[in-house]
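Given next are the chains, with one letter for each unit.
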Amino acid sequence: MMIVDIKKCTGCRKCVAECFPRDIEIINQKAKIRNISCIKCGHCIAVCPANAVYSSEYDMSEVKNYNQEDFTIEADKLLNFIKFRRSIRQFKNQDVEDEKLLKIIEAGRFTPTGSNLQDVSYIIVKKRLPELRIKILSTLKQMGESYLAASNTQDGGQQTQQNTLTLPATTTAQQALYKRYAEKWISMYDEYQANPQANDRLFFNAPAIIVVTAQAAISGGLASTSMELMANALGLGVLFSGYFVRAARANKEILEFLGVKEGKDIISCLVIGYPKVRYFRTVPRKKADVTWK
Ligand SMILES: Cc1cc2nc3c(=O)[nH]c(=O)nc-3n(C[C@H](O)[C@H](O)[C@H](O)COP(=O)(O)O)c2cc1C
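Residues numbered from 1 in each chain as written. Predicted model: local features only at pLDDT ≥ 70, side-chain atom pairs only at ≥ 80, totals over all residues.

Novice: Talk me through the overall build of the chain; I want residue IDs and the actual numbers.
Specialist: The number of helices and strands found in the chain is 10 helices and 10 strands. Seen through its principal axes, the chain has C-alpha atoms that stretch 75 × 50 × 45 Å. Across the 293 residues in the chain, those meeting the buried criterion constitute 29%. Expressed as a percentage of contacts within the chain between residues at least 6 apart in sequence, the contacts between residues at least 24 apart total 74%. (Helix = DSSP H or I, 4+ residues; strand = E, 2+ residues; numbered from the N terminus. Buried ≥ 20, exposed ≤ 12 C-beta atoms within 10 Å, placed from the backbone. Contact = placed C-beta atoms within 7 Å.)

Novice: Now, about the pairing of strand β2 (residues 24-27): what can you tell me, with residues and values included?
Specialist: Judged from the 4 bridges that link them, β2 and strand β3 (residues 30-33) form a sheet pairing that is antiparallel. Within the sheet, the bridge partner assigned to E25 lies in β3 and is K32. (Pairing = 2+ DSSP bridges.)

Novice: Give me the packing of helix α5 (residues 98-109) against helix α8 (residues 217-233): which residues, what numbers.
Specialist: Across the interface, α5 lies against α8 with an axial gap of 7 Å and an inter-helix angle of 140°. Seen from above, α5 lies across α8 with right-handed handedness. Counted together, K103, I104, A107 and G108 of α5 and A223, S226, M227, M230 and A231 of α8 form the full contact between these two elements. Looking at the contact of α5 with α8, its residues break down into 6 nonpolar, 2 polar and 1 charged. (Axes fitted to C-alpha atoms, helices over the stretch in contact; angles between N-to-C directions. Left-handed = near helix turned anticlockwise from the far one by under 90°. Nonpolar A, V, L, I, M, F, W, Y, C, P; charged D, E, K, R; others polar.)

Novice: How would you explain the site of the ligand if you had to name every residue and give the values?
Specialist: Looking at the ligand, the residues that line it are R86, S87, R89, L239, F240, S241, G242 and Y243. Taken together, the elements giving at least two residues each to the shell around the ligand come down to β9 (237-240) and α9 (242-250). (Near = placed C-beta within 6 Å.)

Novice: So what about helix α7 (residues 172-194)? Which residues, and what values?
Specialist: Here α7 spans 34 Å end to end across 23 residues, near enough to the 33 Å set by a 1.5 Å rise per residue. At Y178, α7 is deflected by roughly 25°, the largest bend along its length. Residues Y178, A182, W185, M188, Y189 and Y192 constitute the buried set of α7. Taken together, the buried residues of α7 touch α6 (129-152). (Expected span 1.5 Å × (residues − 1). Bend = angle between axes of the 7 residues up to and from the residue.)

Novice: I'd like a description of the environment of Y54, backed by residues and values.
Specialist: Note on placement: Y54 falls in strand β4 (residues 53-55). Of the residues examined, Y54 has 19 C-beta atoms within 10 Å and is grouped as partly exposed. On a C-alpha basis, the gap between Y54 and L167 in space is 47 Å, while along the polypeptide they are 113 residues apart. Discounting residues that sit within four places of it in the chain, Y54 has contacts with I3, D5, I45 and M60.

Novice: Please give an account of α5 that cites residues and values.
Specialist: Its 12 residues give α5 an end-to-end C-alpha distance of 16 Å, which sits within 8% of 16 Å, the value for a rise of 1.5 Å per residue. Burial in α5 covers these residues: L101, I104, I105 and G108. What you see down the axis of α5 is that its buried residues fit within an arc of 100°, all on one side. Relative to its buried face, α5 has exposed residues pointing more than 90 degrees away, namely E99 and L102. Each element contacted by the buried residues of α5 is listed here: β5 (121-125), β8 (208-214) and α8. (Arc of directions from axis to C-beta.)

Novice: Got a sec to walk through the domain arrangement of the chain? Specific residues and values, please.
Specialist: How big an interface is tends to be expressed through the accessible area that disappears when the partners come together. The assigned domain composition of the chain is domain 1 (2-62) and domain 2 (73-293). Look at where the C-alpha atoms of domain 1 and domain 2 centre, and you get two points 39 Å apart. (Domains from an automatic or database assignment.)

Novice: Can you tell me about unusual backbone geometry, naming the residues and giving the values?
Specialist: Negative phi characterises most residues that are not glycine, and trans characterises most peptide bonds. Notably, R13 is not glycine yet its phi reads approximately 75°, a positive angle. Examined against the element boundaries, R13 turns out to sit in the loop between β1 (2-4) and α1 (14-18). Phi at N205 takes a positive value of approximately 65°, unusual for a residue other than glycine. By secondary structure assignment, the location of N205 is in the loop between α7 and β8. On the neighbour-count criterion, N205 (20 C-beta atoms within 10 Å) is buried.

Novice: Describe in detail the sheet that holds β5, supporting the description with residues and values.
Specialist: In sheet architecture, strand pairing relies on hydrogen bonds along the backbone and comes in two forms, parallel and antiparallel. With respect to topology, 4 strands assemble into an open sheet ordered β5-β8-β10-β9, the strand pairing being antiparallel. Edge positions in the open sheet fall to β5 and β9, since each of these has one partner strand only. Between one strand axis and the next, the sheet turns by 25° as a mean value, whatever way the strands run. Sheet analysis places β8 next to strand β10 (residues 265-273), joined by 7 bridges and oriented antiparallel. Of the residues in β10, the one forming a bridge with T213 is I266. Along the sheet face, α5 touches β5 and β8 and points at about 25° away from the line of β8. The strands touched by α8 are β8, β9 and β10; relative to β10, the strand with the most contacts, the crossing angle is about 5°.

What follows is the structure in structure tokens.
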């Protein structure tokens, strides 16, 4: 519940104006939160000049008072930071501290979610990463074999079931792309088996991954982006593994291994470690496709 301390409330109405679900009224010159349509977004807490609003559910000790020095980033620096970010595929043989992983998750936790559902969950895999790696690689290999078999029998557009795998239906346009993936996934597995240390083309020998799950893809996706930037700020590198996501979604055994909760989907997999590569500059990109109306 959101609660107003009426001793502190001055009845200034700032919370009323800010409340998107219109759950606050002024009674006897004091704010009253009905807690009926409230989505617990906390705007009433943040906007109150008298600090009169609190939540009985959330930890109020983590609410921070604003000051310009600690809460602003210069725009060009932020843009440079975003431009210099790279997908990392060379990692040092060095552990990532648990505190850093938790700080990365903190960046996800404070990223907005649709309707403030806060429906994003995080699965950190470190100790059991070798076990998971081989499960993913062998799933990708099986997926590759299925796609190749389907493309040979001309039914690649159909939902394909093989062993325990559930593969999404593919359109004709996707089939050429999937064929390329299929060959790659098969060779990734074979090369890893031949020389695991030299040929980890899934996690690139990174020591940790964080799997992001959510009810809404957009919320999990936004959280993932904040997490990547936080990881970079901590001196770490990240690779988003789309291969991981495809394999995990297709294999129930992997979903069970990860303990993905009912109603949640795997949105992203952040492969995390200390980069063993140095970049001297940013990269060029296509011009932005922008329409003004
Ligand atoms: C959703 C998503 C999935 C990706 N999946 C993979 C992957 O499975 N393997 C990989 O090596 N790179 C993967 N990447 C990295 C992209 O190839 C990379 O972002 C792109 O080439 C641009 O490079 P940059 O991130 O350094 O700017 C993925 C990136 C995103 C955003």
